[in-house]
Amino acid sequence: MNNQPKEVPDNSNSFAPAVQNRTDLSDIKAMADSIRSEIGKIIVGQHRMVDLLITALLANGHVLIEGVPGVAKTLTARLFARTLSTDFSRIQFTPDLMPADVIGTSVFNPKTTEFNFKEGPVFSNVVLIDEINRSPAKTQAALFEVMQERQISVDGTTYAMEEPFIILATQNPIEHEGTYKLPEAQLDRFLFKINVDYPERDQETAILEGVHQRKNKNDPSQLDPVVEAKKLVQNQSLVSDIHVEKSLMQYITGITQHSRNHTAIHIGASPRAAVFMMRAAQAWAAINGRDFVIPDDIQDIARPVLRHRLILTPEKEMEGTSTDEVITRIIKQIEVPR
């Protein structure tokens, strides 16, 4: 018996719950609009990237940003952090960076004859890790606990991160000399992997015009902080209340389950991926003014949620097949809830 899902036409727009908005999302919409407006003062285009960053922030998830050099990965992350009235730190990952340089270390105090813990740069609200794949596995592993449990354990003592807490990491996909591949366990801790492409021709011209007008300066201080930490935490809690029908939960699990049995995939999506997909869909619905999730929300965020979690078979990799192509096929094969 053939148990493979049948391909069905994508008519997810027909799905609509019978209720209207029960939750006031005006604060979330105002927050998203303000962040977009501030970043747009310097960044041209990249609208989807900015929306995904806002979504990750509301879903309380970390983001991996990948793109060739010069497409404003780090700049956009810095500007995004600037729009938040929170602490910010930047860590430049290098081959000689040690775990203690990231999380901190115990320092002996001769006056008290005791060791005092000195916090590392990861103790911040928004942490930008530039070129995360430039440091070896030992340093990358220092992020495992803080990304998953939002705490650091040093010398038998646990230090909790202050909310909100988000890691924005960048990496270059084409340069391999002096880089270290991120382990799958760490990749799975990122909510999104955002691929940053080259701008369109008119956008690139607009970039030149903007740089010329700013006299070759891209100063984050030109942007105003528009979101307070307390309000952000409240909005994150509000997003958790976004309604998700059970049929949509089954839709999500259908996608992740099928990824584990797909002939083009060696290792499929984990249950954590399903949880992250639901959380991201809730936040995506919220910034689109809805307090309920529809199938379009799941389809819109499926690729950035899954693309770094799926491992293709060697044959498909040799053929040049991308994970995004396979994810698109899977979405088309799963029946859309009505």
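The coordinates are above.
Conventions and cut-offs
- Residues numbered from 1 in each chain as written.
- Predicted model: local features only at pLDDT ≥ 70, side-chain atom pairs only at ≥ 80, totals over all residues.
- Heavy atoms only, no water.
- Salt bridge = Lys/Arg side-chain N within 4 Å of Asp/Glu carboxyl O.
- Helix = DSSP H or I, 4+ residues; strand = E, 2+ residues; numbered from the N terminus.
- Buried < 20%, exposed > 50% of the residue type's maximum accessible area, 1.4 Å probe, protein only.
- Contact = heavy atoms within 4.5 Å.
- Phe/Tyr/Trp six-rings, centres within 6.5 Å; stacked < 30°, edge-to-face > 60°.

Draft legend 1. Up close: the pattern of salt bridges. In total, this model carries 14 salt bridges according to the counting rule given. The salt bridge involving D33 is made with R36; its shortest N-O contact spans 2.8 Å. In this pair, D33 and R36 both sit in helix α1 (residues 26-39), three residues apart, roughly one turn of the helix. Taking relative accessible area as the criterion, D33 reaches 33% and is therefore assigned partly exposed. You can call R36 partly exposed: its relative accessible area is 28%. The partner of R309 in a salt bridge is D188, with the nearest N and O atoms 2.7 Å apart. Taken together, the positions of R309 in the loop between α12 (295-306) and β13 (311-312) and D188 in the loop between α7 (184-187) and β10 (190-196) put the pair 121 residues apart, joining distant regions of the chain. By the burial criterion, R309 is buried, and D188 matches it.

Draft legend 2. Local environment of the environment of L53. By the element assignment, L53 lies in helix α2 (residues 47-58). Along the primary structure L53 and F80 are separated by 27 residues, whereas in three dimensions their C-alpha atoms are 8.0 Å apart. Residues contacting L53, with those up to four places away along its chain left out, are V63, I65, T76, F80, L168 and I194.

Draft legend 3. Structural context of the packing of aromatic side chains. With the rule as written, the count across this model stands at three aromatic pairs. Considering the side-chain rings of F117 and Y159, the 4.4 Å spacing of their centres and the 20° angle between planes classify their relative orientation as stacked. Taken together, the positions of F117 in strand β5 (residues 114-119) and Y159 in strand β8 (residues 157-160) put the pair 42 residues apart, joining distant regions of the chain. Ring geometry for F123 against Y159: centres 6.5 Å apart, planes inclined by 80°, an arrangement best described as edge-to-face.

Everything listed here is a matter of geometry and, on its own, says nothing about what the molecule does.
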